[in-house]
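Reading the structure
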Amino acid sequence: MKTFSVTDTGVLRTMNQDYCFSSDTPIGNLPNLYIVCDGMGGGVAGDFASKCAVDVILSLYDRLNKQDCMDVLGYEFEQYDEEIIKPIALIKIANRQLNNLTKKYPKLTGMGTTCTGVWFDKKTNLVHIYNVGDSRVYRVRNGKIQL
């Protein structure tokens, strides 16, 4: 599997509010994890929100266990392996952090970010996609691009 990420300011914005993480080689316990966050609509502190979300996810990844995930998500996810639900819990925690920051710092009110993550499970050869917002993941296989 080969991966790459690309971001673009586009024609309407003067600032790129994207923030990416790619783990093509294991870093700590982060093998095969890929994240793209994009500040929402060029709004307030979108660049900060996207970087903050990725930073929260990466800083807690090794420390979160199955019980922590259940505490965050509830027990409806209990039947799933920790590795599958951990990104969901981390995205939810990152969202809480951003909401808490807007309460503490009113000038950040309105900030937000999309979050798209991919985790490739080498044991099962499955790709798990996690998405909040309108950022996209594409697969290129045999010369064809698929959303």
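Anything mentioned here points back to the structure above.
Report follows, based on the coordinates. Not measured: the values here are computed from a predicted model.

What follows deals with the overall build of the protein. Across its full length, the protein carries three helices and six strands. The helix and strand sequence of the protein, counted from the amino end, reads β-β-α-α-α-β-β-β-β. Relative to the globule expectation of 15 Å for 147 residues, the C-alpha radius of gyration of the protein, 16 Å, shows essentially globular dimensions. Taken across its 147 residues, the protein has 35% of its residues classed as buried. Carbon and sulfur atoms provide 53% of the accessible area of the protein, an area that totals close to 9,500 Å². Of note, the protein has its 17 positive side-chain charges centred 3 Å away from the centre of its 16 negative side-chain charges.

What follows deals with the sheet that holds strand β2 (residues 33-39). The strand order β1-β2-β3-β4 describes an open sheet built from four strands, whose pairing is antiparallel. Either end of the sheet is taken by a strand with one partner, and the two such strands are β1 (18-22) and β4 (126-132). In this sheet, neighbouring strand axes are inclined to one another by 5° on average, regardless of whether the strands run parallel or antiparallel. Note that β2 and strand β3 (residues 113-121) share seven bridges and pair antiparallel. The partner of Cys37 across the bridge, within β3, is Cys115. Along the sheet, helix α1 (residues 46-61) makes contact with β1, β2 and β3, crossing β2 at roughly 155°. Packing of helix α3 (residues 82-104) onto the sheet brings it into contact with β3 and β4, and relative to β4 it is tilted by some 20°.

This next bit is on a nonpolar patch on the surface. Together, Tyr138, Val140, Ile145 and Leu147 make up an exposed nonpolar region whose accessible area comes to about 480 Å². Locating Val140 in the fold gives a position in strand β5 (residues 139-141). When its relative accessible area of 56% is taken as the criterion, Val140 is described as exposed.

What follows deals with the nonpolar core. General note: in soluble globular proteins, nonpolar side chains tend to be found buried as a group. In terms of nonpolar packing, the biggest core is built from 31 residues, with Ile35, Ile57 and Met111 touching the most fellow members. Breaking this core down by element, the ones donating at least two residues are β2, α1, α2 (66-73), α3 and β3. For Met111, the residues in contact, after removing those within four places along its chain, are Val44, Ala45, Phe48, Ala49, Leu98, Leu101 and Thr102.

A few words now on the environment of Ser5. Tracing the sequence through the fold places Ser5 in the segment before β1. Measuring from C-alpha to C-alpha, the distance between Ser5 and Phe21 comes to 8.8 Å, with 16 residues separating the pair along the chain.

What counts and what doesn't
Residues numbered from 1 in each chain as written. Predicted model: local features only at pLDDT ≥ 70, side-chain atom pairs only at ≥ 80, totals over all residues. Heavy atoms only, no water. Helix = DSSP H or I, 4+ residues; strand = E, 2+ residues; numbered from the N terminus. Rg over C-alpha atoms; globule rule 2.2 N^0.38 Å. Buried < 20%, exposed > 50% of the residue type's maximum accessible area, 1.4 Å probe, protein only. Areas by Shrake-Rupley, 256 points an atom, 1.4 Å probe, with all protein chains shown as cover. Lys, Arg positive; Asp, Glu negative; His and termini not counted. Charge placed at Lys NZ, Arg CZ, Asp CG, Glu CD. Pairing = 2+ DSSP bridges. Axes fitted to C-alpha atoms, helices over the stretch in contact; angles between N-to-C directions. Contact = heavy atoms within 4.5 Å. Patch = residues over 30% accessible without salt bridge, like charges linked within 9 Å, V, L, I, M, F, W, Y side chains within 5 Å. Salt bridge = Lys/Arg side-chain N within 4 Å of Asp/Glu carboxyl O. Core = buried A, V, L, I, M, F, W, Y, C linked by side-chain atoms within 4.5 Å.

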